[in-house]
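# Notes for the structure review
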Amino acid sequence: MKKFFILGCLFLTIICVSCDDQRPEDYKREQKYIENNLEYAIHKINYEGHSYLIYDRPSRAGICHDENCECLDRK
């Protein structure tokens, strides 16, 4: 009986937490939000011959190597 209870709880957890597909209008709404509200928070800088993207907001920050950096074209 305990096994069925645990399996039932596990099944319900998976059902409740599983991902749902986004519709195309959700993607468009998300892209519009990014363009209107987050564009000013992303800056492109060059450091020692590499290009980096910096995301700077009051509550969060991040940095990543730009996929369009010249060093990636030198292969």
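See above for the structure.
One structure accompanies this document, and this report is about it. (Residues numbered from 1 in each chain as written. Predicted model: local features only at pLDDT ≥ 70, side-chain atom pairs only at ≥ 80, totals over all residues. Heavy atoms only, no water.)

### Points about a nonpolar patch on the surface
A contiguous nonpolar surface patch, about 460 Å² in accessible area, is contributed by Phe4, Leu7, Leu10 and Ile14. By the secondary structure assignment, Phe4 is in helix H1 (residues 2-17). On the accessibility criterion, Phe4 (65% relative accessible area) is exposed. (Patch = residues over 30% accessible without salt bridge, like charges linked within 9 Å, V, L, I, M, F, W, Y side chains within 5 Å. Areas by Shrake-Rupley, 256 points an atom, 1.4 Å probe, with all protein chains shown as cover. Salt bridge = Lys/Arg side-chain N within 4 Å of Asp/Glu carboxyl O. Helix = DSSP H or I, 4+ residues; strand = E, 2+ residues; numbered from the N terminus. Buried < 20%, exposed > 50% of the residue type's maximum accessible area, 1.4 Å probe, protein only.)

### Some details on H1
If you check H1, its first and last C-alpha atoms are 22 Å apart, about what 16 residues at 1.5 Å a residue would give, namely 22 Å. Among the 16 residues of H1, zero are classified as buried, and the element is accordingly described as predominantly exposed. (Expected span 1.5 Å × (residues − 1).)

### Some remarks on the sheet that holds strand E2 (residues 50-56)
Across the sheet, which stays open at both edges, the three strands sit in the order E1-E2-E3 with antiparallel pairing between neighbours. In this open sheet, the two edge strands, each paired with only one partner strand, are strand E1 (42-47) and strand E3 (61-65). On average, each strand axis in the sheet is inclined to that of its neighbour by 25°, with strand direction left out of account. Note: E1 against E2, six bridges, orientation antiparallel. Note on E2: the bridge partner recorded for Ile42 is Tyr55. (Pairing = 2+ DSSP bridges. Axes fitted to C-alpha atoms, helices over the stretch in contact; angles between N-to-C directions.)

Purely spatial values, then, with no claim about function.
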